[in-house]
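# Survey of secondary and tertiary structure
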Amino acid sequence: MMTPQELRDLCVALRAKQCRTDGELVDRIEADVQAYRDVLAARATQLPPAELAERLPLMGWLIYETSWDCVQRIEASFDRAATAPEVRQRSEREFDLIRRITDCARGLPWPEFAPRALGALRALALAESKRDTDQGYDAAWTLHREAQKKYAEFGDSLGTGEGTRLLRLQLDEVFLQLALAETGTACRTAERVIARWSDPSDDPAPSDRSSAEESAGPDRSPAEERRWIQRMFRELTDGVAVGERAIDTACQIRDEFGFADQVDEHRLTRQTALQNPGIMTARAASLLLAIRPAMQRCGRSQPRQFESWELWEKDVLDRFTRAYAAIEEDVPGGSGMDQGFQRQLVHVRLNLALLKPGFDLPSRRTDGPDCLALNPLDDAAVEAMSSWLGGPSGSGRERALGAATMPMFIWSLIRCRGLGPADQGYQTWRIRWFSLDQHSKEAGRLDRVRWALEQARQLSSPPSEEPFIARTR
């Protein structure tokens, strides 16, 4: 077995990117986990014996770091037919390592004493979602459910005694990462589907489809569009809820323990712990708002705890505002919000401005770009934020509202704005600031955007008489 110091040194080196995960390192992890299991078989005790008491938390950390190291080298859409063979092969190699590491996490004895090992489930879920296929998204959600179940079980096993207080802290700290991953999957799935809807197919179309349907790619029928709208609504609803739990958990950790300046064997939650869940939760909430009219078009009623869709929308706007406030929280000991978070903050504000023109969302930050000070979120604010993000010849990273090519989503977004059928504000902005589309440099992209806008305009027929029931995940 690796000594505690060897485990510690490997974790530090991986986090500092001084080494990388490879097959040899995973072999060592597998061998150690089997050795731990042999100890369990020889001495079945409630608590880990002395030779494992220090090793188990460190092995959990090593599993966390190695799985995350691998997933960062997996390319998006690696499992699709159009992906270059060498990219697919490289990603598959990393994917196989994550699978092996995750099996190690599942096989650990006394797993509640190695809570960071749950991070392997997060990494595997992200790897599955990077396939950008229905099967990959389904597999990711299954892994998120597994992680949530294990988190609850580990918490029950640790109890509330003072002796496990620091382990409970580590468990809650890794929960933040699990929650971020789950909300991220909801956003990633929706944003990918919305932005890639009108792309040419890289799979053969079924023979029983008409030529018009084939030109838009497989599974792009109105029924499929309705199915995806309802699936996204369900997953984004879950994503907002778990994102809010992450924000609440981060606040509890801050109040009881404070945040850490750096990650080590004892602490995982750094000073920016509120910003990331705030960003992800606000992203999920804005996407939810955008598809509310489409849900009504599909014949669906508002969630049962609300008397009307209008009351539901008010609640989601309130939740968006609370998540936004978490993004703007001061970073203890920080020198101000860095450029990356500034861009995220502007993207979040821009999305809401496109959805709810004139919304009152004052910013308390004075260390960001001037466009943050513009309130309410009117046309002038949209123009200033768009200009700051990229400019007419720049290259932005708008993933959903600024990259949408799904006609029903665009139709729904326009109606969410609430300015009536003659409103052309979004359509005008979409073409004027086409450069903000993260896929704007792709050949034929502008033509596909124009096609999607025209298809959305034509969606003026009444909704189907029978509501379409989305398949379960």
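Reading the values: rules and limits
Residues numbered from 1 in each chain as written. Predicted model: local features only at pLDDT ≥ 70, side-chain atom pairs only at ≥ 80, totals over all residues. Heavy atoms only, no water. Helix = DSSP H or I, 4+ residues; strand = E, 2+ residues; numbered from the N terminus. Expected span 1.5 Å × (residues − 1). Buried < 20%, exposed > 50% of the residue type's maximum accessible area, 1.4 Å probe, protein only. Arc of directions from axis to C-beta. Contact = heavy atoms within 4.5 Å. Phe/Tyr/Trp six-rings, centres within 6.5 Å; stacked < 30°, edge-to-face > 60°. Polar contact = N/O pair within 3.5 Å; in protein donor to acceptor, adjacent residues only side chain to side chain. Salt bridge = Lys/Arg side-chain N within 4 Å of Asp/Glu carboxyl O.

### Examining unusual backbone geometry
In this structure, the amide linkage connecting N375 to the following residue, P376, adopts the cis form with an omega of 5 degrees. Mapped onto the elements, P376 comes out in the loop between α13 (339-355) and α14 (379-389). With a phi angle near 60 degrees, K17 is a residue other than glycine that sits in the positive phi range. Relative to the helices and strands, K17 resides in the loop between α1 (4-15) and α2 (23-42). A positive phi is found at W110, a non-glycine position, where the angle reads about 45 degrees. Mapped onto the elements of the fold, W110 is located in the loop between α5 (85-107) and α6 (119-129).

### Describing helix α17 (residues 445-458)
Residue pairs three or four apart in sequence face the same way in an α-helix, which turns once every 3.6 residues. Look at α17: 20 Å from first C-alpha to last across 14 residues, which is about the 20 Å you get at 1.5 Å a residue. Residues of α17 that are buried: R445, R448, V449, A452, L453 and A456. The arc that holds every buried residue of α17, seen down its axis, measures 140 degrees, which confines them to one face. Residues of α17 that are exposed and angled more than 90 degrees away from the buried face: D447 and R457. The inward-facing, buried residues of α17 abut α8 (165-196), α15 (407-416) and α16 (425-432).

### Some thoughts on the packing of aromatic side chains
Each pair of aromatic rings is reported with the distance of its centres and the angle of its planes. Counting across every chain of the model gives 7 aromatic pairs. Arranged with centres 6.0 Å apart and planes meeting at 45 degrees, the rings of F78 and F95 form a pair that is tilted. One end of the pair, F78, is in the loop between α4 (55-71) and α5; the other, F95, is in helix α5, and 17 residues separate them in sequence. F78 gets classed as buried once you look at its relative accessible area, which sits at 0%. Here the aromatic rings of F233 and W309 are separated by 5.8 Å at their centres, their planes lie at 80 degrees, and the arrangement is edge-to-face. With F233 in helix α10 (residues 222-256) and W309 in helix α12 (residues 309-327), this residue pair connects regions lying 76 residues apart in the sequence. The exposure class of F233 is buried, given its relative accessible area of 8%.

### Section: the environment of R457
Considering the arrangement of structural elements, one finds R457 in helix α17. Sequence-wise, R457 and Q427 are 30 residues apart; in three dimensions their C-alpha atoms are separated by 9.8 Å. Here E454 takes part through its side chain, which lies 2.5 Å from a polar atom of the side chain of R457.

### Quick look at the pattern of salt bridges
All told, the structure shown has 46 salt bridges when counted by the stated rule. Across the pair R100 and E30 runs a salt bridge whose closest N-O atoms are separated by 2.8 Å. Of this pair, R100 sits in helix α5 while E30 sits in helix α2, and the two are 70 residues apart along the sequence. For E30, a relative accessible area of 29% corresponds to the partly exposed category. Among the salt bridges present, the one from D255 reaches R254, with a minimum N-O distance of 3.2 Å. Since its relative accessible area comes to 60%, D255 is described here as exposed. By relative accessible area, which is 31% here, R254 ends up partly exposed. Among the ionic contacts, a cluster of salt bridges with common partners joins R196, D199, R430, D437, E442, R445 and R448.

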